[in-house]
Amino acid sequence: ETIQIASGIGAAGVKFKLAKAGSPQKLGKWIVKAYQLGLKITVGNGVQTDIGCLTEAVVSFSNGYYGPGEMNGWMKLSNPLLDDRIKVEKCELVLTGSRVRKRDIRLSSSEWKILFRRIL
């Protein structure tokens, strides 16, 4: 596995992207594995839509990663897909009307999607 190899050759950290992982579940596994190996982590894709960036943030949070992210691709869109439902306040990704909380998130591995009960 690439994460194991990176750790073995002395890498200090890794950067993960949902698009490279292929699914939210696999991204979550990568995050956990990197933590187990003591690697620093960054997550994000600066050219992704708001849905992709929010998905990366939720998967990161759900797997214990609260560090810096590059979930900012949506900020470059003139017409965000979530109709301006997310914004950044004091370095936190915030949903209009409520913050993303773990109890509001359910990962559905059988369907490869994330369900946001209080958002969509």
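Further up the page is the structure itself.
Definitions and cut-offs
Residues numbered from 1 in each chain as written. Predicted model: local features only at pLDDT ≥ 70, side-chain atom pairs only at ≥ 80, totals over all residues. Heavy atoms only, no water. Helix = DSSP H or I, 4+ residues; strand = E, 2+ residues; numbered from the N terminus. Buried < 20%, exposed > 50% of the residue type's maximum accessible area, 1.4 Å probe, protein only. Contact = heavy atoms within 4.5 Å. Areas by Shrake-Rupley, 256 points an atom, 1.4 Å probe, with all protein chains shown as cover. Phe/Tyr/Trp six-rings, centres within 6.5 Å; stacked < 30°, edge-to-face > 60°. Expected span 1.5 Å × (residues − 1). Pairing = 2+ DSSP bridges.

**Q** Looking at this structure, I do not really get the overall build of the protein chain. What am I missing?
**A** What the protein chain contains, in helices and strands, is 4 helices and 7 strands. When the helices and strands of the protein chain are placed in sequence order, the string is α-β-α-α-β-α-β-β-β-β-β. Split into buried and exposed, the 120 residues of the protein chain put 40% on the buried side. A sequence separation of at least 24 residues applies to 64% of the contacts in the protein chain between residues at least 6 apart. Put simply, the protein chain shows about 7,300 Å² of open surface, and 53% of that area lies on carbon and sulfur atoms.

**Q** Hey, could you run me through the packing of aromatic side chains in this one?
**A** The description of two aromatic rings rests on the distance between their centres and on the angle between their planes. A full pass over the atoms with the stated rule returns 3 aromatic pairs. Consider the rings of Phe16 and Trp30, whose centres lie 5.5 Å apart with planes at 45°: the pair is tilted. Of the two residues, Phe16 sits in strand β1 (residues 13-16) while Trp30 sits in helix α3 (residues 24-36), which places them 14 residues apart along the sequence. Taken as a pair, Phe16 and Trp30 share a single burial class, namely buried. A ring pair is formed by Tyr35 and Tyr65, whose centres lie 6.4 Å apart and whose planes are at 45°; its orientation type is tilted. Of this pair, Tyr35 sits in helix α3 while Tyr65 sits in the loop between α4 (50-62) and β3 (69-70), placing them 30 residues apart in sequence. Classification of Tyr65 by relative accessible area gives buried; the value is 5%.

**Q** Help me understand α4, please; the structure alone is not making it clear to me.
**A** Along an α-helix, residues three or four apart share an orientation, since each turn contains 3.6 residues. Relative to the 18 Å expected for 13 residues at 1.5 Å per residue, α4 spans 18 Å between its end C-alpha atoms, a close match to the ideal helical length. Along α4, the residues that are buried comprise Asp50, Gly52, Cys53, Leu54, Thr55, Glu56, Ala57, Val58, Val59, Ser60 and Ser62. Looking one or two residues beyond α4, the residue adopting positive phi is Gly64, at roughly 85°.

**Q** Is there a simple way to explain the sheet that holds strand β2 (residues 40-44) in this structure?
**A** Strands belonging to one sheet form pairs held by backbone hydrogen bonds; the direction of such a pair is parallel or antiparallel. The 3 strands lie next to each other as β1-β2-β3, forming an open sheet whose pairing is parallel. The open sheet has two edge strands, β1 and β3, and neither has a second partner. The sheet contact formed by β1 and β2 spans 4 bridges and is parallel. The residue of β2 that forms the bridge with Lys15 is Thr42.

**Q** Before we go on, may I ask you to explain the environment of Ala12 in this structure?
**A** Of note, Ala12 is situated in the loop between α1 (2-8) and β1. By relative accessible area, Ala12 is classed as exposed at 58%.

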